[in-house]
Amino acid sequence: MLYAIVGEDVPNSLDQRLAARPAHLARLLELDAAGRMALGGPFPAIDSPDPGPAGFSGSLIVAEFDSLAAAQAWAEADPYVAAGVFARVTVRPFRQVFPKS
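Residues numbered from 1 in each chain as written. Predicted model: local features only at pLDDT ≥ 70, side-chain atom pairs only at ≥ 80, totals over all residues. Heavy atoms only, no water.

**Student:** Give a description of the environment of V62 that names residues and reports values.
**Tutor:** Secondary-structure assignment places V62 in strand β3 (residues 56-64). Classification of V62 as buried rests on a relative accessible area of 4%. C-alpha of V62 to C-alpha of Y3: the two residues are 59 residues apart in sequence and 5.5 Å apart in space. Once residues within four sequence positions are removed from consideration, V62 is found in contact with L2, Y3, A4, R36, M37, A38, L39 and F94. (Helix = DSSP H or I, 4+ residues; strand = E, 2+ residues; numbered from the N terminus. Buried < 20%, exposed > 50% of the residue type's maximum accessible area, 1.4 Å probe, protein only. Contact = heavy atoms within 4.5 Å.)

If you want it as structure tokens, here you go:
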């Protein structure tokens, strides 16, 4: 089943985000290589695809996991959590309707 993982950034955490990004992306690439990643990316803090020093306000990942508990455990082990980038992480079951798969 798909799960939506939403991480909300701590204010002014761009430096921590950039430092932890390589490890964060490595985990996402593993999900993608396993065919489990539906989509993922950050929320720019301003209305721009490249927010520069304004940074980001959080991230969204939609991926397949065996259970809600497995998705929550994966989210809790994210490098952005360990680096203090995320103030809060929410994991919810997700049912994709569009685009049709």
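Past the structure itself, the notes keep going.
**Student:** Could you give an account of the packing of aromatic side chains, naming the residues involved and the relevant values?
**Tutor:** Tallied over the full model, the rule gives 3 aromatic pairs. Measuring from ring centre to ring centre gives 5.7 Å for F65 and W74, while their planes differ by 50°; the resulting arrangement is tilted. Both residues of the pair, F65 and W74, belong to the buried class. Ring geometry for Y80 against F86: centres 5.5 Å apart, planes inclined by 85°, an arrangement best described as edge-to-face. F86 matches Y80 in its accessibility class, with the two residues each being buried. Members of the aromatic cluster, each reached through a chain of ring pairs, are Y3, F65 and W74. (Phe/Tyr/Trp six-rings, centres within 6.5 Å; stacked < 30°, edge-to-face > 60°.)

**Student:** Let's hear about helix α2 (residues 68-76): which residues, and what values?
**Tutor:** Taken together, the buried positions of α2 are A71, W74 and A75. Seen from one end, α2 has its buried residues packed into an arc of 100°, which puts them on one side. Those residues of α2 that are buried are in contact with β1 (2-9), α1 (14-33), β3, α3 (79-82) and β4 (86-94). (Arc of directions from axis to C-beta.)

**Student:** Tell me what's going on with the sheet that holds strand β2 (residues 37-44), and back it up with residues and numbers.
**Tutor:** One open sheet accounts for 4 strands, arranged β2-β3-β1-β4; its pairing is antiparallel. Two strands in the sheet have a free side with no partner beyond their single neighbour: β2 and β4. The average undirected angle you get between the axes of adjacent strands in this sheet is 10°. For β1 and β3, the ladder comprises 7 bridges, and the chain directions are antiparallel. (Pairing = 2+ DSSP bridges. Axes fitted to C-alpha atoms, helices over the stretch in contact; angles between N-to-C directions.)

**Student:** Help me get a handle on α1, residues and values and all.
**Tutor:** Counted at 1.5 Å a residue, the expected span for α1 with its 20 residues is 28 Å, and the 27 Å between its end C-alpha atoms agrees. At R21, α1 is bent by approximately 50°, the largest bend along its length, and proline P22 sits one to four residues beyond. Residues of α1 that are buried: L14, R17, A20, H24, R27, L28 and L31. For α1, the elements touching its buried residues are β1, β2, β3, α2, α3 and β4. Of the residues flanking the end of α1, it is G35, one or two places downstream, whose phi is positive at about 75°. (Expected span 1.5 Å × (residues − 1). Bend = angle between axes of the 7 residues up to and from the residue.)

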